[in-house]
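Observations on the three-dimensional arrangement
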Amino acid sequence: TSGALLSYDKIEVKYLSAIQNYGKIVNRISCTIIDTRNNKDVTDEYDGHIKFDYGILTVDKATLNVKSKDKSKAYDGTPILLDVMDLEYELSELKNNDYISEVSFMVSLTERGSSVNLFKINKISKASSPNSNVIGNYKINYSFGILTVY
């Protein structure tokens, strides 16, 4: 800001922009100038003297480190079964009660041997909106465990 208000005037700022998801937007505001002697809006008296220099609001991607667990079983002719519980991650890395809601495991191991436990997170949902997909708000770092049938 530069310049000055009269000593009995005060400025009230209203923020018009908000951002929750990954990205950038212009941080727009408006203002009203009030004469504190009579609580009257005197913004028009400053017409042409108020200029806005808008900033940028930015939400960066949150980092989510996820690892598939090592899992093994004795050979019985059926594959090792996998689900979201077979992933390791810090709940604190998921923001605003988001949760991993859809995962694809890319390996099915039935025969004796070992394989990397490859997976991909397809969907991260908000607790308040289970059909939402906020995966774009995350930078996901994958690491993989080992599946073993012995």
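Calculation criteria
Residues numbered from 1 in each chain as written. Predicted model: local features only at pLDDT ≥ 70, side-chain atom pairs only at ≥ 80, totals over all residues. Heavy atoms only, no water. Salt bridge = Lys/Arg side-chain N within 4 Å of Asp/Glu carboxyl O. Helix = DSSP H or I, 4+ residues; strand = E, 2+ residues; numbered from the N terminus. Buried < 20%, exposed > 50% of the residue type's maximum accessible area, 1.4 Å probe, protein only. Pairing = 2+ DSSP bridges. Patch = residues over 30% accessible without salt bridge, like charges linked within 9 Å, V, L, I, M, F, W, Y side chains within 5 Å. Areas by Shrake-Rupley, 256 points an atom, 1.4 Å probe, with all protein chains shown as cover. Phe/Tyr/Trp six-rings, centres within 6.5 Å; stacked < 30°, edge-to-face > 60°.

**Section: the pattern of salt bridges**
One pass over the structure, following the stated rule, counts six salt bridges. Its salt-bridge partner being Asp 35, residue Arg 37 comes within 2.7 Å of it at the nearest N-O pair. Residues Asp 86 and Lys 71 are paired through a salt bridge, measuring 3.3 Å at the closest nitrogen-oxygen approach. Of the two residues, Asp 86 is situated in the loop between strand S7 (71-73) and strand S8 (87-88) and Lys 71 in strand S7; the sequence distance between them amounts to 15 residues. Look at Lys 71 and you get partly exposed, because its relative accessible area is 27%.

**Concerning the pairing of strand S11 (residues 119-125)**
Along S11, five of the seven residues are buried, which leaves the element largely enclosed by surrounding structure. One ladder, built from six bridges, connects strand S9 (residues 99-105) with S11; its direction is antiparallel. Across the sheet, residue Glu 102 finds its bridge partner in S11, namely Lys 123.

**What to know about the sheet that holds strand S6 (residues 62-68)**
Read from one edge of the open sheet, three strands run S8-S6-S12, paired in mixed fashion. Each edge of the open sheet carries a strand with a single partner, namely S8 and strand S12 (138-143). For S6 and S12, the ladder comprises six bridges, and the chain directions are parallel. Residue pairing for S12: Asn 65 is matched across the bridge by Asn 141.

**Some details on the sheet that holds strand S3 (residues 29-35)**
Strand order in this open sheet of three strands is S1-S3-S4, and the pairing throughout is antiparallel. A strand with exactly one partner marks an edge of an open sheet, and here the two such strands are strand S1 (9-15) and strand S4 (40-41).

**Considerations on a nonpolar patch on the surface**
A surface patch of nonpolar side chains, about 490 Å² in accessible area, is lined by Met 106, Val 116, Leu 118, Tyr 142, Phe 144 and Ile 146. In this structure, Leu 118 sits in the loop between strand S10 (113-116) and S11.

**A short note on the packing of aromatic side chains**
Evaluated as defined, the whole model comprises five aromatic pairs. Here Phe 52 and Tyr 54 contribute two aromatic rings whose centre-to-centre distance is 5.7 Å and whose plane-to-plane angle is 5 degrees, an arrangement assigned as stacked. Look at Phe 52 and you get partly exposed, because its relative accessible area is 37%. Judged by relative accessible area, Tyr 54 falls into the partly exposed class, the value being 33%. Aromatic side chains Phe 119 and Phe 144 sit 5.5 Å apart centroid to centroid with 70 degrees between the ring planes, which places their arrangement in the edge-to-face category.

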